[in-house]
Amino acid sequence: MLRTLKSTNISRSFSKIKKEKRIALMPFLMAGDPDLETTAKILLELQANGADMIELGIPYSDPLADGPIIQLAASRALSAGASPDRVFKMLFELRDQLTIPIILFTYSNPLINKGLEEFCLQASKVGVSGLVVPDLPLEEAEKLSDIAESKEIDLVLLVAPTTPKDRMKKIAATSNGFTYLVSVTGVTGERSSLEDNVGSLVQQLKDSSSSPIAVGFGISDVKHIEQVREWGADGAIVGSALVKRIANASIEMKVEEAGSFCKELRAATN
């Protein structure tokens, strides 16, 4: 039996997008790269150019799931002084302007260092809707999920192509907001093509859970968005390709470049 989904900011967004007969565009951005002032401007620019939700990375010194592009972005952000507290402060200042769900992408150590309860409390106060912790195993997710849920935050869990079928079902049944389907075996990064088995993985998840499915890791361009849509997924997460464009743009053009790329990708979601 498929579970009944709770009504949250993320689930309501997916419901609205489904009625519009398209998939969600979910760009990933590293907070603090090149600085938090620019990050704030890019968040608003992405929202203005069609982002449905934004995954916001909190920079961390040992990002195991991230490829070289996002690792470098995290390193630049840390060098510029970004920290969880400063990211929270930035989001608090934007709270009245950001109307789409913000999903924090972080690792277990920053959570544990601050304390699960305190981290979720601060995230809630600044309007965060979701949390992705890629190095958090299913067996340890229950405690954090309960704390996050008490603060009206969805803990989103990841499924990989190598995840056994039975475990995949358990993860999909436990994940809140949506299930994050990793499209490749390995770390984040741009790809020229997506693996053919992702379509069957989307269907497996659809059969085992009513939770929306968003595909990430390697989604790099318009044709990838179209492929994800054809597979029947509910959302596409674009990270490294956007982070790279921002990094390669001049400081005066970073915000505009992010918005232009977002607008281009959004056109492929219909």
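Worth saying up front: this structure is predicted, and the values here are computed from it rather than measured.

**Concerning the UniProt feature "active site" (unreviewed entry) in the chain**
Right, on to step 1. In the numbering adopted here, UniProt assigns the feature "active site" (unreviewed entry) to E55 and D66.
Right, on to step 2. Note on placement: E55 falls in strand β2 (residues 54–57).
Right, on to step 3. Take E55: its relative accessible area is 4%, and that puts it in the buried class.
Right, on to step 4. Once you skip the residues sitting within four places of it in the chain, E55 turns out to touch P27, F28, L29, I103, F105, V132, Y180 and I237.

**Let's talk about the side chain of D33**
Right, on to step 1. Position of D33 among the secondary structure elements: in the loop between β1 (24–30) and α2 (36–48).
Right, on to step 2. Overall, the relative accessible area of 5% leaves D33 in the buried class.
Right, on to step 3. Within polar-contact distance, the side chain of D33 engages the side chain of R76 at 2.8 Å.
Right, on to step 4. Apart from the residues lying within four places of it in its own chain, the contact partners of D33 are T39, A73, R76, A77, V243 and I246.

**Concerning the environment of D85**
Right, on to step 1. Positionally, D85 belongs in helix α4 (residues 84–94).
Right, on to step 2. Sequence separation of D85 and I58 is 27 residues, and the distance between their C-alpha atoms is 10.0 Å.
Right, on to step 3. Residues contacting D85, with those up to four places away along its chain left out, are K114 and Q122.

**Focus on the sheet that holds β2**
Right, on to step 1. Spatial strand order, β5-β4-β3-β2-β1-β9-β8-β7-β6: 9 strands in an open sheet with parallel pairing. The strands lining the two open edges of the sheet, one partner per strand, are β5 (154–156) and β6 (158–159).
Right, on to step 2. Relative to strand β8 (residues 213–216), strand β7 (residues 179–182) runs parallel, the two sharing 4 bridges. Each bridged residue has a counterpart across the sheet, and for Y180 the counterpart in β8 is A214.

**As for the pattern of salt bridges**
Right, on to step 1. Per the counting criterion, the structure on display carries 13 salt bridges.
Right, on to step 2. In this structure, E20 and K16 form a salt bridge, with 2.9 Å as the shortest nitrogen-oxygen distance.
Right, on to step 3. We classify E20 as partly exposed; its relative accessible area is 36%.
Right, on to step 4. A salt bridge links E139 to R167; the shortest N-O distance between them is 2.8 Å. Taken together, the positions of E139 in helix α7 (residues 138–150) and R167 in helix α8 (residues 165–174) put the pair 28 residues apart, joining distant regions of the chain.
Right, on to step 5. On the basis of relative accessibility, which here comes to 58%, the residue E139 falls in the exposed class.

The rules behind each value
- Residues numbered from 1 in each chain as written.
- Predicted model: local features only at pLDDT ≥ 70, side-chain atom pairs only at ≥ 80, totals over all residues.
- Heavy atoms only, no water.
- UniProt positions renumbered as here; feature names shortened; annotations may be inferred.
- Helix = DSSP H or I, 4+ residues; strand = E, 2+ residues; numbered from the N terminus.
- Buried < 20%, exposed > 50% of the residue type's maximum accessible area, 1.4 Å probe, protein only.
- Contact = heavy atoms within 4.5 Å.
- Polar contact = N/O pair within 3.5 Å; in protein donor to acceptor, adjacent residues only side chain to side chain.
- Pairing = 2+ DSSP bridges.
- Salt bridge = Lys/Arg side-chain N within 4 Å of Asp/Glu carboxyl O.

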